[in-house]
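Next come the chains, spelled out residue by residue.
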Amino acid sequence: MAPGLTSSSGTVWLRVVILSLIGILAFSSRLFSVIRFESVIHEFDPWFNYRTTRALVEKGFYDFWNWYDQLAWYPLGRVVGGTVYPGIMVTAGFIHYVLTSLNFPIDIREVCVFLAPLFSAFTAVATYLLTSEMKDPSAGLLAAIFMGIAPGYISRSVAGSYDNEGIAIFLLMFTFYLWIKAVKLGSAFYAGWAALFYFYMVSAWGGYVFIINLIPLHVFVLLLMGRYSNRLYVSYSAFYIIGTIASMQVPFVGFQPTHTNDHMAALGIFGLIQIVAFAEFLRSHLSAGQFKTVFNFGIVLFFAVGFGALVLLTVSGKIAPWTGRFYSLWDTNYAKKHIPIIASVSEHQPTPWPSFFFDLQLLIPLFPAGIYFCFQTLEDEHVFVILYAVTASYFAGVMVRLMLTLTPIVCVCGGISLSKVLDLYLAIPDEGPAAAAETTEKEKEKKKSSDKPKQGIWQMDTRLLVVTPIYIILVLYQLHCTWVTSNAYSSPSIVLATRNQDGSQHIIDDFREAYYWLRQNTPDDAKILSWWDYGYQITGMANRTVLVDNNTWNNTHIATVGKAMSCSEDVSYEVMRRHDVDYVLVIFGAAIGYSGDDINKFLWMIRIGEGVYPKEISERAFFTARGEYRIDDEATTTMKESLLYKMSYYRFAELFGGQQPYDRVRGSAVSKNPIKLSVIEEAYTTENMIVRIYAVKKPDNIGRSMSSASTFGQKRKRRSRRRSSSSRRRTSE
C-alpha cells in the first residue's frame, strides 16, 4: 500500500478507475456508425431535434422559445417552443456554449452526434449509484458495465441518435437513485434534488410519466405494508411539491400535472400520505379503540371523496381523460381499431419474444434471480426494484419502444444476482496482515460477538468449477453486445450499406441525394407532399415546406395526405391543388429490395385516410375477391389507379428490358403495361430508384380535368369496317 493510502481509500480509487473505464467503454462502443459511415444524424425525429438545436444556438433561447415554424404542417405551421420537450436541445446548446467559451471551436452538429454516447457513460455511473444502494459497490460495478454495453439501451444511444431518450435514461436512473437516497435517509435535501432532476426529465422526454407514477406506487405499497415513517413522509412530500411545481414550468406540459389522469395517482398518494401522517399524530393522542374507529372512517371517506371527485371532474372536462396511447398500453388492439396513426408506428407494436433475447441475452436469466434476492432482503429500496421490474416488464411486452425502460432495471437485477454468486465463490478466507493491523479494537469486538458463521466456498476446485463458466458466459455476452451494436444498431437510416461481390462495402445514399436535389432545384417556398415519416428529414436536409411530419399531432391533416396517396389522380389532384403542393415524394424499394418503402406502408395510409374520409376511401377495395393484397396483374382496379401505386411503379418495367418486371420487396411479378400519368410528371429519381420525386402540373387553362387534358390531341385509332362480300362484288363490277 502506498504511503498515506489506507486500504479503504485504495478500494475507492480502484472503483473510480474501473467506473471511468466503464464510461469510456460505453462511449466508445457507440461509435461504430461514425467509424463505418460518417458523423451524421440518424433516423427521423433526430433531424427535427438537430434543426431546432441549431436554431437555438444561432438565434438564441428567446427566439427559439417563440419560434413559429412555417416549414411544418403547411398551411397550419407549428409553434415550436410550446410543442417540444426542450431538454435535449438546451443540453446540447449548453455544451456547445461551454466548449466555445473555452476556445474549443466545434460545430453544433458534432455535439448532437456525440451527445447520446456521452450520456451513456453518465447512465453507467447512475446505474452504479442506484445498484450500490440496493446491495454494495461490487454489484454496482457489474450493473454499470451491463448498462454500458446492453443492446437494449445502445439501440437508442449510438452516435448520431440525437433523440430525447439519449439523455432521458440517465435522468431516469439518477432520479431514482436520488429518490432511494431520500427514502433511506429521510432527507428533504435528496428529495429536492430528485425533484429537480425529475423536472429535467420532464423537459427532455414524455416518458417522465413513468417516474411520476412509479414513485407514488412505491409509496402506496410501502403504506400497505405498514412501513410508514417520517422518512417516507418527508421524502415524498418534498419530491411531489417541488417536482410538480417545477414540471409545470415546461410549456408543453403546463397544467397537465393537475388536469390529466396520467398525474392523478401522484396527487392521490400525496393526499393519502397526509392523512396517514395525521393519523399517526392522532394515534399518540387517542386510545387504540378510538384511533381505529377514526382511522377506518377517514380512509373510507378519503377514497370515496377522492374517487367521486375524480369521476366528477373527468365527466365535467376539468380533468382530461386517458389518452389513446394509455389505452393502447392495456389493450394492444385498441390503437389498431380506433387510432391507426398510433398503430402505424413500428415502435408501438407489441414486442416479439426474440427481441428480449436479442437485446438482453445473458441478463434474461439473471433478471429473475436478482428479483429473488431482493425478496430475500425486502428493504424499502428492494420493494422499489421489484415494482420497477414488474411494471417495466409488462410495458416492454406491449410496446417495442419501452424495452428502453426495461433494460436499466434488468441490468440492476443482473448486477445484484451475479454479485451474490461471486461473493459466495470468491470470498477471501483470511484477511491479510495489513488489513488485520488496520482493524480497530471495536471492529474486533464486533466480530467476536457475532454468531454468524462466515459464508463462502473455500475449495479452489469448486470455485473454478463455477467461476470459469461464468467468465466464459460474460465473454460471450460481451461478444454478442459488440456484434449487435456493430451490425444491427449502428446503421443510419438515411445511409444504407451493402456488400459488393468482392466483399467491399457499397454505400447507398439515395435519401441525401434526393433531399439535396430538392434543396438545389426547387423554389425556396416549394411545398412537398410525402408521407409523415419523411417530414422531419425534408425540412432538416432539404429546407422545404411539408404538409405533415413526424409530430403526428393532427390526424385529419395526415388523413388528407393518405387520401391523396390512395385515391385516383383526379381526386388526388384536387387535394394537392387545395394545399398548394408543388412536388410529391415517395419511397420505392422494389428495385433493390428496400423493404421500408411506401407500398409496404400503403395500408396504413388507407386506414388512416378511411377514418376521416370513409365515403371516398375503402380498405376493402384494395383487396381482391379472395382477400389478397396484391400489386401484380391481379391487383384491384382501385389499387392500380391509386396515385401512390402509379408513382411507385412508373417506368419500373423499363429496368428489365422487356422481360417480366419483378418486385424484390414483395417477391412478386409486376404488370408490363406502361403506366400513364396525367396530373404529375417525373422530376427526379435517385440512382437506386429508392426516392422518386414528381412535379405537380398546373391546372388546365380551359378547366378540363387533367386526365382529359393529357389525352387531348392524341390520334384515336379508327375501327376498320369490313366490307361485305356483296359490296366487294359491286366494286369489282
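Residues numbered from 1 in each chain as written. Predicted model: local features only at pLDDT ≥ 70, side-chain atom pairs only at ≥ 80, totals over all residues. Heavy atoms only, no water.

K.L.:
Just give me the short version of the sheet that holds strand E6 (residues 545-546), but keep the residues and values in it.
P.N.:
In spatial order, the strands read E6-E5-E7-E11-E10; together these five strands make up an open sheet with mixed pairing. Strands at the two margins of the open sheet, each flanked by one partner only, are E6 and strand E10 (680-685). Pairing geometry for E10 and strand E11 (residues 691-696), over five bridges, is antiparallel. In the strand pairing of E11, Thr 685 is matched with Arg 692. (Pairing = 2+ DSSP bridges. Helix = DSSP H or I, 4+ residues; strand = E, 2+ residues; numbered from the N terminus.)

K.L.:
Please set out the packing of aromatic side chains residue by residue, giving values where relevant.
P.N.:
If you walk through the whole model with that rule in mind, you get 46 aromatic pairs. Geometrically, the ring pair formed by Trp 193 and Phe 197 is tilted, given 6.3 Å between the ring centres and 45 degrees between the ring planes. Separated by four residues within a single helix, Trp 193 and Phe 197 lie in helix H10 (residues 188-204), roughly one turn from each other. Residue classification places Phe 197 among the buried positions, given a relative accessible area of 18%. Judged by centre distance (5.4 Å) and plane angle (70 degrees), the rings of Tyr 394 and Phe 395 are edge-to-face. Given a relative accessible area of 32%, Tyr 394 falls into the partly exposed group. With relative accessibility at 17%, the residue Phe 395 sits in the buried group. Following the ring pairs from residue to residue traces out a cluster consisting of Phe 119, Phe 122, Phe 170, Phe 174, Tyr 177, Phe 189, Tyr 190, Trp 193 and Phe 197. Over the face of the ring belonging to Tyr 613 we find Lys 563, whose NZ or CZ atom lies 4.7 Å from the ring centre. Over the face of the ring belonging to Trp 604 we find Arg 607, whose NZ or CZ atom lies 4.8 Å from the ring centre. (Phe/Tyr/Trp six-rings, centres within 6.5 Å; stacked < 30°, edge-to-face > 60°. Buried < 20%, exposed > 50% of the residue type's maximum accessible area, 1.4 Å probe, protein only. Lys NZ or Arg CZ within 6 Å of the ring centre and 35° of its normal.)

K.L.:
How would you sum up the side chain of Ser 642? Please name residues and give values.
P.N.:
Positionally, Ser 642 belongs in the loop between helix H31 (637-641) and helix H32 (643-649). A polar atom in the side chain of Ser 642 sits 2.7 Å from the backbone oxygen of Met 639. If sequence neighbours within four positions are ignored, Ser 642 has contacts with Met 565, Ser 566, Cys 567, Phe 602 and Phe 622. (Polar contact = N/O pair within 3.5 Å; in protein donor to acceptor, adjacent residues only side chain to side chain. Contact = heavy atoms within 4.5 Å.)

K.L.:
Mind laying out helix H28 (residues 555-566), listing which residues take part and the relevant values?
P.N.:
Along its twelve residues, H28 runs 16 Å from first to last C-alpha, staying within 8% of the 16 Å computed at 1.5 Å per residue. The element H28 is largely enclosed, with a buried count of ten among its twelve residues. Within H28, the full set of buried residues consists of His 557, Ile 558, Ala 559, Thr 560, Val 561, Gly 562, Lys 563, Ala 564, Met 565 and Ser 566. Next to the buried residues of H28 lie helix H18 (340-343), strand E5 (527-529), helix H29 (569-578), strand E7 (583-587), helix H30 (598-612) and H32. Capping the start of H28, Asn 554 holds a side-chain oxygen 3.2 Å from the backbone nitrogen of Thr 556, two or three residues further along. (Expected span 1.5 Å × (residues − 1).)

K.L.:
Outline the side chain of Ser 671, listing residues and values.
P.N.:
Of note, Ser 671 is situated in the loop between strand E9 (668-669) and E10. Exposure remark for Ser 671: the relative accessible area of 14% places this residue in the buried category. Side-chain polar atoms of Ser 671 contact the side chain of Asp 633, separated by 2.9 Å. Leaving out residues up to four positions away in the same chain, Ser 671 has contacts with Asp 633 and Pro 661.

K.L.:
Explain the confidence of the model for the protein to me, and be specific about the residues and the numbers.
P.N.:
The predicted coordinates should not be examined in detail at positions where pLDDT is low. On average, residues of the protein score 86 in pLDDT, and 87% of them reach the 70 mark or higher. Overall, residues 430-439 carries pLDDT values under 50, and its contacts beyond four positions in sequence, including any with other chains, amount to six contacts. Here residues 446-453 is a poorly scored stretch, pLDDT under 50, and it has two contacts once near neighbours within four places are set aside; other chains count. (pLDDT = per-residue confidence, 0-100.)

K.L.:
Explain the packing of H28 against H29 to me, using residue names and the numbers behind them.
P.N.:
Closest axis-to-axis distance for the H28/H29 pair is 7 Å, and the angle between their directions is 145 degrees. As for the relative orientation of H28 and H29, their crossing is left-handed in sense. Of the residues in H29, those in contact with Thr 560, Lys 563 and Ala 564 of H28 are Val 571, Ser 572 and Val 575. Across the contact of H28 with H29, the residue classes break down as three nonpolar, two polar and one charged. (Axes fitted to C-alpha atoms, helices over the stretch in contact; angles between N-to-C directions. Left-handed = near helix turned anticlockwise from the far one by under 90°. Nonpolar A, V, L, I, M, F, W, Y, C, P; charged D, E, K, R; others polar.)

K.L.:
Help me get a handle on the pattern of salt bridges, residues and values and all.
P.N.:
Applying the stated criterion across every chain yields a total of 34 salt bridges. In this structure, Arg 630 engages Glu 628 in a salt bridge whose closest nitrogen and oxygen atoms are separated by 3.0 Å. By relative accessible area, which is 22% here, Arg 630 ends up partly exposed. In this structure, a network of salt bridges that share partners links the residues Arg 156, Asp 163, Glu 165, Glu 347 and Arg 401. (Salt bridge = Lys/Arg side-chain N within 4 Å of Asp/Glu carboxyl O.)

K.L.:
For the state of the cysteines, give the residues involved together with the corresponding values.
P.N.:
Per the stated rule, a full pass over the model turns up zero disulfides. Here Cys 411 stays free of any disulfide, with the sulfur of Cys 481 as its closest cysteine sulfur at 8.8 Å. (Disulfide = S-S within 2.5 Å.)

K.L.:
Describe the pairing of strand E3 (residues 496-499), naming the residues involved and giving the relevant values.
P.N.:
Pairing analysis gives four bridges linking E3 to strand E4 (residues 505-508), with the strands arranged antiparallel. Across the sheet, Ala 497 pairs through a bridge with Ile 507, a residue of E4. Turn length for the E3-E4 hairpin, with the two strands adjacent in sequence and antiparallel, is five residues, and the turn residue Gly 503 shows positive phi of about 90 degrees.

K.L.:
An account of the environment of Trp 517 is requested, with residue identities and associated values reported.
P.N.:
As for its placement among the helices and strands, Trp 517 is situated in helix H26 (residues 510-521). Residues Trp 517 and Ala 542, 25 residues apart in the sequence, show an inter-C-alpha distance of 7.9 Å. Contacts of Trp 517, omitting those with residues within four sequence positions, involve Thr 522, Tyr 583, Ala 683, Tyr 684 and Ile 693.

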